[in-house]
Amino acid sequence: MPVTNVSQDTDALTLTITAEFAAPRARIWQIYADPRQLEKIWGPPTYPATVVDHEFAPGGRVTYYMTGPEGDKHAGYWNIVSVDEPTGFTFTDGFADADYTPIESMPVSTNEFSFEDKGGSTVATYVSTYATAEGLQQVLDMGVVEGSSQAIGQIDDLIRG
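Structure report, in brief. Keep in mind the model is a prediction, meaning the values are calculated, not measured.

How each quantity is defined
- Residues numbered from 1 in each chain as written.
- Predicted model: local features only at pLDDT ≥ 70, side-chain atom pairs only at ≥ 80, totals over all residues.
- Heavy atoms only, no water.
- Helix = DSSP H or I, 4+ residues; strand = E, 2+ residues; numbered from the N terminus.
- Buried < 20%, exposed > 50% of the residue type's maximum accessible area, 1.4 Å probe, protein only.
- Contact = heavy atoms within 4.5 Å.
- Areas by Shrake-Rupley, 256 points an atom, 1.4 Å probe, with all protein chains shown as cover.
- Lys, Arg positive; Asp, Glu negative; His and termini not counted.
- Charge placed at Lys NZ, Arg CZ, Asp CG, Glu CD.
- Core = buried A, V, L, I, M, F, W, Y, C linked by side-chain atoms within 4.5 Å.
- Pairing = 2+ DSSP bridges.
- Salt bridge = Lys/Arg side-chain N within 4 Å of Asp/Glu carboxyl O.

Considerations on the overall build of the chain
Inference 1: Secondary structure summary: the chain contains 4 helices and 8 strands in total.
Inference 2: Overall, the chain shows an N-to-C arrangement of helices and strands of β-β-α-α-β-β-β-β-β-β-α-α.
Inference 3: Taking the principal axes of its C-alpha atoms as reference, the chain extends roughly 45 × 35 × 30 Å.
Inference 4: When burial is assessed residue by residue, the chain has 45% of its 161 residues classed as buried.
Inference 5: In the chain, once contacts between residues fewer than 6 apart in sequence are set aside, the share between residues at least 24 apart is 47%.
Inference 6: For the chain, the exposed surface amounts to about 8,000 Å²; the carbon and sulfur share of it is 50%.
Inference 7: Here the chain holds 8 positive side-chain charges and 23 negative ones, and the gap between their average locations is 10 Å.

Examining the nonpolar core
As a rule of thumb, soluble globular proteins bury nonpolar side chains together.
Inference 1: Residues Tyr32, Trp78, Phe89, Phe115, Tyr126 and Ile155 are the most contacted members of the largest nonpolar core, which totals 29 residues.
Inference 2: Per-element accounting of this core gives the leading share, 4 residues, to helix 1 (residues 25-33).
Inference 3: Excluding residues that lie within four positions of it along the chain, Tyr32 makes contacts with Leu38, Ile41, His54, Phe56, Trp78, Phe89, Phe113, Phe115, Tyr126 and Ile155.

Some remarks on the pairing of strand 6 (residues 88-96)
Inference 1: A large share of strand 6 lies buried, amounting to 8 of its 9 residues.
Inference 2: Where strand 5 (residues 73-84) lies against strand 6, 9 bridges are found, and the strand directions are antiparallel. Bridge pairing in strand 6 links Ala75 to Ala96.
Inference 3: With antiparallel pairing between neighbouring strands as the criterion, strand 5 and strand 6 make up a hairpin whose turn holds 3 residues.

With respect to the pattern of salt bridges
Inference 1: The tally for this structure, following the rule as stated, stands at 3 salt bridges.
Inference 2: With its nearest N and O atoms 3.4 Å apart, the salt bridge here joins Glu20 to Lys118. Taken together, the residues span a long stretch of sequence, with Glu20 in strand 2 (residues 14-21) and Lys118 in strand 7 (residues 108-118) at a distance of 98 residues.
Inference 3: Of the residues examined, Glu20 reaches a relative accessible area of 30% and is grouped as partly exposed.
Inference 4: Here Lys118 falls in the partly exposed class, since its relative accessible area comes to 47%.

This is a description of form; function is not addressed.
In structure tokens:
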């Protein structure tokens, strides 16, 4: 499993996941920049993602849905804030209805994904910041740590394949 550390800071309202991959930074970057590769790793194995729109540029929007084991669909979106190839990108991530309209009652996170070269390997740091402690707790209760760790774990198979 590539996840090396998970920490939550309720004072800073953050969830931080660190992972290490046996691949160059450019390869890990490509997974997020390519919607077909992103689909293979964004949802956990039991909730695979389908990327609908993928404008991976500042001001762009990524929309997706995850399909559960019973065929249930859960939509979400990213609003891309910044892109710094291949070192990282920032975006807001939220829950959406079937038309990809944000669900106002659900938490939105501001995310900074960064990729650091480590002698042919890549250390990825995923930081999600929530507006409130309640929002952070809500996603923790929904299983975000387990789901994200499983999703990130799929990157190893993708880079080997």
